[in-house]
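Structural overview for review
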Amino acid sequence: MEEETANLSTLVIPLLKGVIYREGNERLWSDLLSLHPRIRDYVSVLGLELVFDEAEGYAFLQSCPESADPGVTPLPRLIARRPLSFPVSLLLALLRKKLAEFDAGGDNTRLVLSREEIVELLRVFLPDSSNETRIVDQIENHINKIVELGFLRRLKTSSGPTSFEVRRILKAFVDAQWLADFDERLASYQARCSSVEDDASNE
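First, a word on scope: everything that follows refers to the structure included in this document. The structure presented is a predicted model; accordingly, all values stated were derived computationally and were not measured.

Quick word on the overall build of the chain
What the chain contains, in helices and strands, is 8 helices and 6 strands. In the chain, the succession of α and β elements from N to C terminus is α-β-α-β-β-α-β-α-α-β-β-α-α-α. Here the chain, with 203 residues, has 34% of them falling under the buried criterion. For the chain, restricting intrachain contacts to residue pairs at least 6 apart in sequence, the fraction spanning at least 24 positions comes to 57%. Here the chain displays about 12600 Å² of accessible surface, and carbon together with sulfur accounts for 49% of that area.

What follows is the structure in structure tokens.
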């Protein structure tokens with residue numbers, strides 16, 4: 001029993017810190033395969049739930065949905081919400097759509113995009129500017145934020161352009177239903193971009 005509790009702890013502590021991926025962490029992943037039902041029980045007392053996707057190869061913790069019962073006192077949040085800026089949200093949506101198109105088009109499992117490809121994804125939705133360098137720098141900041149959030153992984157390279165892997169965990173945060181409504185959401189994004197551009201031109 002003590003050994004199993006120790007194994008649970010060696011899994012729960014990394015999960016509290018972030019995502020566990022099968023790739024690059026085979027030992028932890030092997031333990032997770034056998035112990036994930038116990039981990040669900042283990043973290044539930046903390047108001048957390050385990051998201052475990054064996055097919056895609058990732059696992060993470062998230063806060064349990066709050067009860068609709070007004071008599072139930074909500075637990076303090078262990079995992080803070082992270083408000084995202086409009087451009088970061090838009091870029092995440094565009095990357096998720098790109099991932100869906102990639103999955104539909106072949107047998108490869110890793111979607112890798114160059115920095116220039118990601119910049120262009122977002123660039124077409126932003127207001128025109130005479131300062132192209134400033135726009136690219138802003139998009140670079142948004143890319144860095146998404147790397148920090150764990151949805152992009154910067155690939156090491158000794159030469160050539162900087163490339164990024166789109167992490168498949170993005171599918172857990174932008175689900176299929178959300179993606180089905182993407183065109184409608186994209187129209188809303190474009191309308192908002194136009195509004196921002198009009199406001200800027202009137203200043």
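Here's the deal with the nonpolar core
It is characteristic of soluble globular proteins that their nonpolar side chains tend to be buried jointly. Counting 33 residues, the largest nonpolar core has L95, I143, I146, L152 and V166 as the members making the most contacts within it. Contributing elements (two or more residues each) for this core: β3 (58–63), α3 (86–105), β4 (111–114), α4 (115–123), α5 (132–149) and β6 (163–166). Beyond its immediate stretch of four places on either side in the chain, I146 contacts V88, L91, L92, L95, F151 and L152. Grouped together as the second largest cluster of nonpolar side chains are 16 residues, V12, W29, V43 and F52 included.

With respect to the sheet that holds β6
Sheet architecture is open: 3 strands sit in the order β4-β6-β5, paired in antiparallel fashion. Here the strands that pair on one side only, and so sit at the sheet edges, are β4 and β5 (152–155). Between one strand and the next, the sheet's axes are offset by a mean angle of 35°, whatever the strand orientation. When β5 meets β6, the two strands line up antiparallel, connected through 4 bridges. Looking at β6, one finds that R153 is bridged to E165. Contacting β4, β5 and β6, α3 crosses the sheet at an angle of about 130° to β4. Its contacts with the sheet place α5 against β5 and β6, and it is angled at close to 105° to β5.

Concerning the pattern of salt bridges
Tallied over the full model, the rule gives 10 salt bridges. Across the pair E116 and R115 runs a salt bridge, and its minimum N-O distance is 3.6 Å. For R115, a relative accessible area of 23% corresponds to the partly exposed category. Here the residues in one salt-bridge network are E23, R110, R153 and E165, joined through shared partners.

Brief notes about the packing of α3 against α4
Packed helices, taken two at a time, are described by the angle between their axes plus the distance between the axes. Running from amino to carboxyl end, α3 crosses α4 at an angle of 115°, the nearest separation of the two axes being 10 Å. Of the two possible hands of crossing, α3 and α4 adopt the one that is right-handed. Taken together, the residues of α4 that come into contact with α3 (itself represented by P87, L90, L91, L94, L95 and K98) are I118, L121 and L122. Per-class residue counts for the contact of α3 with α4 are 8 nonpolar, no polar and 1 charged.

Observations concerning the packing of aromatic side chains
Tallied over the full model, the rule gives 4 aromatic pairs. Taking 5.4 Å as the distance between ring centres and 40° as the angle between the ring planes, the aromatic pair formed by W29 and F52 counts as tilted. Taken together, the positions of W29 in helix α2 (residues 26–44) and F52 in strand β2 (residues 48–53) put the pair 23 residues apart, joining distant regions of the chain. With a relative accessible area of 15%, F52 lands in the buried category. Within the aromatic cluster, the residues linked to one another by ring pairs are Y58, F60, F151 and F173. One residue, R167, lies across the ring of Y21, its end atom 3.7 Å from the ring centre.

Notes on the side chain of R167
Turning to its location among the elements, R167 is positioned in the loop between β6 and α6 (170–173). For the buried R167, no salt bridge is present, and the opposite-charge side chain at shortest range is E165, 4.4 Å distant. Setting aside residues up to four positions removed in sequence, R167 forms contacts with Y21, L99, G150, F151, L152 and R153.

Procedures and definitions
Residues numbered from 1 in each chain as written. Predicted model: local features only at pLDDT ≥ 70, side-chain atom pairs only at ≥ 80, totals over all residues. Heavy atoms only, no water. Helix = DSSP H or I, 4+ residues; strand = E, 2+ residues; numbered from the N terminus. Buried < 20%, exposed > 50% of the residue type's maximum accessible area, 1.4 Å probe, protein only. Contact = heavy atoms within 4.5 Å. Areas by Shrake-Rupley, 256 points an atom, 1.4 Å probe, with all protein chains shown as cover. Core = buried A, V, L, I, M, F, W, Y, C linked by side-chain atoms within 4.5 Å. Pairing = 2+ DSSP bridges. Axes fitted to C-alpha atoms, helices over the stretch in contact; angles between N-to-C directions. Salt bridge = Lys/Arg side-chain N within 4 Å of Asp/Glu carboxyl O. Left-handed = near helix turned anticlockwise from the far one by under 90°. Nonpolar A, V, L, I, M, F, W, Y, C, P; charged D, E, K, R; others polar. Phe/Tyr/Trp six-rings, centres within 6.5 Å; stacked < 30°, edge-to-face > 60°. Lys NZ or Arg CZ within 6 Å of the ring centre and 35° of its normal. Lys, Arg positive; Asp, Glu negative; His and termini not counted.

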